[in-house]
Each structure stands twice: as structure tokens, then as C-alpha cells.
Amino acid sequence: MQEPAPMNVTPLESFPPPERWDDWVEYDAKAWPKKVERRYALVPTTCFNCEAGCGLMAYVDKEDLSIRKLEGNPYHPGSRGKNCAKGPATLNQIHDPQRILFPMKRSGPRGSGKFQPCTWQEVIEVFAAKIRTALLEDRKTEVMYHVGRPGHDGYMDRVLQSWGVDGHNSHTNVCSAAARLGYAVTTGADRPSPDHEHAKFMLLLSSHLETGHYFNPHAQRIIDGKMKGAKLAVVDVRLSNTASVGDYWLAPFPGTEAFLLLSFAHVLLAENLADAKFLETWTNWREYLARKRPGAPPQFAAFLAALKEDYAAYTPEAAEAECGVPRHTIVQVAREIGAAKSAFASHVWRNAASGNEGGWAVARCLAFVSTLVGAINAKGGTNCNTSDKFVAAPFLKPPPQQVWNELLYPKEWPLSHHELSYLLPHFLLEGRGKLAAYFTRVYNPVWTNPDGMLWEKVLKDESLVELHAALTPTWSETAQYADYVLPMGHGPERHDLMSQETHAAKWISFRQPVVRAYLERQGQRVDTTRETNPGDVWEEDEFWIELSWAIDPDGSLGVRKYYESPYRKNEKVTVHEYYRWIFENSVPGLPAAAQKVGLTPLDYMRRFGAFEVERGTWNAHDKPIALDGCDVATATGEVRKDGKLVGILHEGKAVAGFATPSRRLEIVSPTLADWGWPELATPAYVKSHVHRSTLDAGAGEFALVPTFRLPTLIHTRSANAKWLVELSNTNPVWIHRQDAERLGIATGDLVRVSTRIGHFVNKAWVTEGIRPGVIACSHHLGRWRLYDEIGTDRWASALVERQDLPDGRVRFTRKENIGPFASKDPDSQRIWWTDGGVHQNATFPVQPDPVSGMHCWHQRVKLEKGRPGDRYGDIEVDTTKSMAIYREWLAKARPGPGPGGLRRPLHLARAVRPADTAYKA
Ligand code: SF4
């Protein structure tokens, strides 16, 4: 076999060549100094430990079929052979002595910790009957799939739509929904895709080099950009590792980031550094004038003058006063942005966008700055994600569902970018509905979400959640409340397709069960992935096929046909056929590339694991469109088909434009104006709920920033990876030296952090690396378990006692620190760490942003030295207060329906979009 067609990858200095991937020999490191040979087959797959979808290469021992190590896949266009610590640590997860190896069924009351093994057949029968009855009785909002880490592109959308339910729920509103809304109302695409590699200036509102979005692929390219001379500015309240290598570190008061960005805009406009030609062609400036200056002549010069006037108040001086960033730094950074012109790459994802009320406006203001210098979709600028993500279509797509689920998209937030997922318990407790069948998939809301004790409450209530399956490779604080715990494979034990917007290119990556792939490479027949996984661990693709078939065995519900093979009439599709069809029919260039090396498209992906579909994906908005059947209005430059705007005229040719209603970048958003938020229709600053004017510093009040990640941990999935837990096992409270001195706190002292609904007790870390007046505590840590037999892995969890107090309060106290335990892995006796961190999220009330619906993570807290009797890890939460605060925030929302009696604008993206008719309220 030849090498695959060259891809845009930097060759690694040393990696086994593909022609030796069937038989690669290395000496066994553990046998040293003896030279003991081990023979490996190298099989690619895709990492599942964050959203980046990096390539992994599994070394499968040919003698005992064990996976011995995982390295990067050099043929993966996103990660180019490199991984972060979490990629290779997949090995720990596979060999974790505490992993769940068999499907489990509850054998005591929910939450009692009593489970017994059961069969997959029983699971399929129980859930198929439950779902079939719900479908027959037209209860299509009572079946819900709630996903934490998706890791697949489109598979579950197809499954849910084949059932006809409106049941997709996600974690996005505790993650990225705010930034998505800010980008979507400006560019029509809900994610940015910065081209760091070709940038001249980069502005990050995130700690990308250590933990940010698309961590490893972006980190590589930020460094590539810097090596070519680009400069980097980092906006972060902490001196992150990224900020430490930036040319600028800007640490504004939390929640003032939008003001800071608007001051950059002010300088760009005042110093004529904006790209007037780009603005005139690609923005909806006519609409801006019509809405903001009715009666003004519809001339571009009038727009530019209006823009200058409207942002005149955001001077560097005003920004210094509001944000606490020196005015000369603001001017300097703004001038750097202006000098970079279209080669200005920028990104905000979680960070300020996910912390603050009005966080979505941070993304909108950042997109505005990029627009001003013509950097949207430009080389070295920031692409829309739609240019760089490739989702391949499967065979036979089901039609959109006809129903609308108010538990997912309630009327109060018509513009929420994703489901109001973290409010599900509040909605259920308010009597807005119930769930007949609930699947949580790699999702741990009891621990991850704010107000986790309310999640406990509803998950224990069989009248609200009738049947719950936790699909997870490992125990968690949530899985213990499920009726069935279903062990699904890790990254090298399952199939999925992934594509992410890591740079200016489109690629897809194949996740596959590597032992199965190796055996099939040898010509061995394998019918299901369960046969080659440890114990009776399955994979979801095959599980959903079996379940869907069982829901509709005779095809009378119209479900079964989506699971019939496209290659064998009336027979059940196999997972190979599912992907074979996609690779043969939906991935441009793949069949030809495969043919070139003598492989089928499926075998190409199984052999190399990834494929680059397109590179150099800039300027998608300027791509010509066919004019057949279109009407062209030369005065406005609008191109319409059947009355619908489909493009605009640019230099005499019809082009696609952007995916906004106007096909232009929307500096004024008619969507915001017409759907209840006219005062925020143009890029604006929204004062945060933790604005310093709301804090009484003298009384020990601070803004708590709880959103930052540790680079070596995987949200709530690190507890089964011993190497990662050994690297990071505490999450102390960051306090600036000045504040610590004022309060008499030293590093290691116990501190009590009180939120509006409770408190947690943690240790202090005194540092100069944080803005005074702000404290911070990383998420990931503070895992707990109620029992020794089941519950979160003991590498990272402390045994706790949970008490329900009579007045609605819940108290957790630690019974045992983390310590050595007996298992088949001798390392479990070598555990030296004890703390494990403190669970802070449970003490946070829900704070849904009134526009985006995103949970506003930052907290107004009181910090004090630990009180007598306080012990490390103590948590107390008042669930009565938490419901009251939910209602307080609910009252800020502006409910629909909106124009046309719709629940939501038809043009705004929605997860698993229903039929247009379902949008009618
Ligand atoms: S960045 Fe994410 S996908 Fe890439 S190796 Fe690390 S955890 Fe895996």
C-alpha cells in the first residue's frame, strides 16, 4: 500500500510509516534492561476527551489484543500527530479497575446505591416498550436524550427524528450558548473559527494555549502564528499560561469585557482604522441607518458618521474607569488590531461570555471589532464555523419532527441558542411536564450543573422521571440515581464521526473500536463491537440501531425503515454499512483518494482515521451562486429566489453572502429588535450581575470566577484517569495578595465562600496572578461518592455524608479523604494525594441570562476565613432559596411569541430543528 494522498500536516520527526502499521516492533519498556520485543498493530481512532476531536493512534498488542499505548495520528489534519495530556490518558480509562463492565439495573430505591448486573436484551425490551407506548399515545415530548459530551456529528439527530420526538437536550447552555448567540445574530454562524496560523494579531478572551476551545489544535496554530511574528493579546482575569506568553495581558473587571471591546471599536473608528470598503459591501448599514437614524440619507458616509457618534462614549478613558485597564494599553491594542487589518484573529467561547449576564454581548462586540477591520472570513482573520466544519449526511434522512417541546425551548427565552437544559428540574418541579424515558449520555448534571441538589430531587422522583438510563463508561454522581447504568465504550471502543472548525480547512475524523478494526483487518468476522470490548461494554451506534428496531419491529410506526440496510433490502443496517454509505456518498474527494491507494472509502478511513475535505476555506461569503430563477435588485444589491433573499451582488456578480436574514453582517440586528430587545439591537454593553457596583468589598464580597479549566482534566470525566488526577487534584480559591492580607488569609488556610444559596469550604491560594477584588476556583474537581461499592472513581472522589435538613437545606460533609485502595492496578495503592478539591457548582443558584438563556456562571460571594468547625470540602445548599432565585431570573426574561406568532425566529439555528409548523405558538 502507498502513503495516503498528502494532507496539510507537518510531518512528525519520527513516526512509524503506514506500511509498517500492521506489524510494528518495539521493545517493552517495562522489561528493561532485557530487550523484549512487542509486536503492535497501529490503528487510528479519535480522542473523546474534549470537543477538539484530535486523532489518536492505538498500539494494539498483537499477542493479547490489549491496547498498550495511544499516541497522536500524524494524518489527522486538525491535530497533526500531537495531543494534550488527556489524549494518551485514554489508556487509563480503558484499563481503569473501577470501570463499569456490564449493564446494571437498580435493585433498591433510586439513590440507594443498590444495583445488579442485567442483560442488554432486557434493557432493549424495557426501553423499547416504554418508547413505543409514548409514540403510540402521541407523547412525543416525553422521550428525552440529554447529552454531555456529544462526540458524534448528526447520529443522534437522525435517531430522534426517526422516532418523531422533540427530545434532544444538551449541555450547551452551561457551556457556550451565550457566545453562540452573539456570533449568530452578527454573522449568521454560531461559532468562530480563527485562522491563528496566518494572523498578524490575535485577541483571545480565553486561555487557549492551556485549556481553551479546541485546545490542542488551536494551541499549535497560535504558536505557529507567533513564530511567524504575530502578536497575541489575552483578556483574562487570571494570569493564565496563555496570558503569560501573550504580548498583552488585559485583566478587566469581570463582566466589563464588552465595554473594553467597544473601546477598541471606538479607537478604530476615531482613528479611521476601519475597513470602509468591507463595511460598505458586507454589512447591513442601510438597515442600521433606517433603524437608528430614520430620515437620514441612505448613504454610507452617513452610516460611518452615525457609527462614530454611537460609539463616541466608549473612549479609552471611559474604558479605563469602567474596566480597570490602562487607557494607553487600550489604544495600543486597538492600533495593533487596526494595523493587522483583515489578519486579525479573535476568539471568545466560554470565559466572559459564559460568566456574565449579557455575556452573549461580549461575543457580539468581538465580532463587531472583527467586522470593522474586515477580518470575518479573511485569511488570518476569523472564519464562520460553517466554512470549516463538515458534517457528512447519512443515508435516508428522517423528516423533522412535528412537535415542539417546551421543556427544551420554553416560551420565556425565544432567542435562547440552545435548550434551557439546566432548568429541566425547575420546569419539572413547576409541573411543566414529565419524562417517560430519559437517557443521559456522558452527562453528569448532579455534579456539573448549578443547583445540582435539585437535579438529585427530580432524578429520585419516579413520577417526574419514569425511566432513566445513564449511558456512560464510568460511574458518576448522576449515574447512581439512574434505573439502568449502561456501559458505553471509550474513544477507542466505539464508532463516531467528528469534524471541528480547528483552522481554515474542513476535515472529518473517524472514531472506531480499534481491537475490532484490527481483527477485521486480519479478516476475522466481528458482528458487534461488544464482542471485542472489555466485559459487556457496548457502543451507542449499535445500541440505538437495536433499540430503534425493537421499538418498531414490523415497521408500522415508520421508524424501522431508517434502520434497514441501504445495501441489503429489508435487513437491519450494520454499523459498517452506516459509515460505508457516508464515506462512499457524502464526503467529496474521499472515494478518489481511497482509490488512489487501492482502498475502499471505508477501509481508507479505518486505515488512516481522518480525511481533509478542503483547505484554505476563506471568503465563503464571496462565493458565486447560480442566478437561475433569481430576481436581482441592483439598487439594494439583493438577489432573491421565490421571494427569499439568497444572496447579494458584489462587483457585478451574485454571491452567497452571510447566513443572516440580510445576507450581510448585521451591525444592527432586526432579530434582537423585533424579538423584545430593541435596546440591544446594535453591539452594546450589558452590565453584569457581578458588576463591582453590586459588591460590598468592605463586607468581604467578591466576584467569583468559577469557569476556568485545568489543562489536564476532562470536565467530569477525569476521575477514571489516574495520570490526570495525579497531575491535578486540588482546586484552591485564587485570591490576590492584597485581598488576602486585608482578610488575614494565607495560602493553605481554610476559607468559607458563601453564595446566595449556600457555601463551600476550600483552601486558599494567595497569588499575584489574579485581579484584586476577584477570586477564582477551577471547575473539574471536588468529586464525591456516597458509597464505596458504586460511585465516582476513587482516584478522585472523597467519601461524603449527605444530610437532608428539615428546612430544605442539604449538607455534605467529608467522611474520608482520597487515599490508597485495593484493586487489580497496583498504582491504586500508591495514591499520595488526599484533597481532591471541593465541589462548588452545587452551591450556585441558576442564573439564566434573559436573552441567551445561558447560565451566568460568575457568582457574587462573600469570602471569609473558615469558621470554627468548618472542614475542608463542606458544602451546604438551601434548595428553597434556589427556587426563589430561579424565579427572580425568570422574571427578567421577555417571553415570546414573537413576530408572526412564532416561538422562535425561523432563521435562528435550533438543535434538531422541528418542522416550521411547530414554530407556531
Ligand atoms: S485537545 Fe481534546 S481531543 Fe485533543 S488530545 Fe486533548 S483532550 Fe483529546
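Residues numbered from 1 in each chain as written. Predicted model: local features only at pLDDT ≥ 70, side-chain atom pairs only at ≥ 80, totals over all residues. Heavy atoms only, no water.

A. Structural detail: the overall build of the protein chain. The helix and strand tally for the protein chain stands at 27 helices and 34 strands. Taking 2.2 N^0.38 as the reference for a compact globule, 921 residues should give roughly 29 Å; the C-alpha atoms of the protein chain span a radius of gyration of 27 Å, in line with that estimate. With the principal axes as the frame, the protein chain shows a C-alpha extent of 75 × 75 × 65 Å. Across the 921 residues in the protein chain, those meeting the buried criterion constitute 65%. Long-range pairs, those at least 24 residues apart, make up 71% of the contacts in the protein chain with a sequence separation of at least 6. When the accessible area of the protein chain is evaluated, it comes to approximately 31,400 Å², of which 52% is carbon and sulfur surface. (Helix = DSSP H or I, 4+ residues; strand = E, 2+ residues; numbered from the N terminus. Rg over C-alpha atoms; globule rule 2.2 N^0.38 Å. Buried < 20%, exposed > 50% of the residue type's maximum accessible area, 1.4 Å probe, protein only. Contact = heavy atoms within 4.5 Å. Areas by Shrake-Rupley, 256 points an atom, 1.4 Å probe, with all protein chains shown as cover.)

B. Spotlight on the pattern of salt bridges. Going through the model one piece at a time under the given rule, you end up with 82 salt bridges. Asp483 is the salt-bridge partner of Arg110, the closest N and O atoms lying 2.7 Å from each other. Of this pair, Arg110 sits in the loop between strand E5 (104-106) and strand E6 (115-117) while Asp483 sits in the loop between strand E16 (468-471) and strand E17 (484-486), and the two are 373 residues apart along the sequence. The residue Arg139 makes a salt bridge to Glu137 at a minimum N-O spacing of 2.8 Å. Residue classification places Arg139 among the partly exposed positions, given a relative accessible area of 21%. Linked by salt bridges that have partners in common, Lys130, Glu137, Arg139, Glu142, Lys434 and Glu466 make up one network. (Salt bridge = Lys/Arg side-chain N within 4 Å of Asp/Glu carboxyl O.)

C. Layout of the site of the ligand. The full set of residues close to the ligand is Cys47, Asn49, Cys50, Ala52, Gly53, Cys54, Asn83, Cys84, Lys86, Gly87 and Asn216. Within the shell around the ligand, the residues separate by chemical class into five nonpolar, five polar and one charged. (Near = heavy atom within 4 Å. Nonpolar A, V, L, I, M, F, W, Y, C, P; charged D, E, K, R; others polar.)

D. Layout of the sheet that holds strand E23 (residues 644-650). What the four strands build is an open sheet, ordered E21-E22-E23-E24; its pairing is antiparallel. The open sheet is flanked by strand E21 (630-633) and strand E24 (653-655), the only strands paired with a single partner. Each adjacent strand pair in this sheet contributes to an overall mean axis angle of 35 degrees, direction not counted. (Pairing = 2+ DSSP bridges. Axes fitted to C-alpha atoms, helices over the stretch in contact; angles between N-to-C directions.)

E. A look at the environment of Glu142. Within the secondary structure layout, Glu142 lies in the loop between helix H2 (120-136) and strand E7 (143-147). Setting aside its immediate chain neighbours within four residues, Glu142 contacts Lys434, Leu435, Ala436 and Ala437.

F. Local environment of the packing of helix H4 (residues 177-187) against helix H14 (residues 359-372). The geometry of H4 relative to H14 is characterised by a closest axis approach of 7 Å and an angle of 40 degrees between their N-to-C directions. Between H4 and H14, the interaxial angle falls into the category oblique. As for the relative orientation of H4 and H14, their crossing is right-handed in sense. Contacts between H4 and H14 involve Ala178, Ala179, Leu181, Gly182, Tyr183, Val185 and Thr186 from the first element and Gly359, Trp360, Ala363, Arg364, Leu366 and Ala367 from the second. Its residues assigned to classes, the contact of H4 with H14 shows nine nonpolar, three polar and one charged. (Parallel < 35°, antiparallel > 145°, perpendicular 65-115°, else oblique. Left-handed = near helix turned anticlockwise from the far one by under 90°.)

G. Layout of the nonpolar core. With 82 residues, the main nonpolar core has Tyr438, Val753 and Ile775 as its most contacted residues. Ignoring anything within four residues of it in the chain, the contact list for Tyr438 reads Met144, His146, Leu424, Tyr443, Trp455, Leu459, Val465, Leu467, His468 and Ala469. Within the second largest apolar cluster, 67 residues are counted, among which are Tyr145, Tyr563, Ala593 and Met605. (Core = buried A, V, L, I, M, F, W, Y, C linked by side-chain atoms within 4.5 Å.)

H. View of the environment of Asn49. Among the secondary structure elements, Asn49 is positioned in the loop between strand E2 (37-46) and strand E3 (55-61). Counting along the chain gives 668 residues from Asn49 to Arg717, while the straight-line C-alpha distance between them is 7.9 Å. With near-sequence residues (within four places) excluded, Asn49 lies in contact with Lys86, Thr90, Gln93, Ile714 and Arg717. Separated by 3.4 Å, the side chains of Asn49 and Thr90 make a polar contact. At a separation of 3.2 Å, a polar atom in the side chain of Asn49 contacts the side chain of Gln93. (Polar contact = N/O pair within 3.5 Å; in protein donor to acceptor, adjacent residues only side chain to side chain.)

I. The pairing of strand E13 (residues 344-348), seen in detail. For E13, a buried count of five out of five residues is recorded, marking the element as mostly surrounded by other parts of the structure. Side chains Phe344, Ser346 and Val348 of E13 all project onto a buried face; the interleaved residues Ala345 and His347 project onto the opposite face, where all are buried too. Where strand E10 (residues 201-205) lies against E13, five bridges are found, and the strand directions are parallel. Counterpart to Leu204 in the pairing with E13 is His347.

J. Up close: the sheet that holds strand E1 (residues 24-27). Taken in spatial order, the four strands of this open sheet run E1-E2-E3-E4, and their pairing is antiparallel. Because the sheet does not close on itself, it has two edges, and the strands there are E1 and strand E4 (67-72). Each strand axis lies, on average, 40 degrees off the axis of its neighbour in the sheet, ignoring direction. Looking at chain direction, E3 and E4 are connected through five bridges and run antiparallel. Bridge pairing links Met57 to Glu71 in E4.

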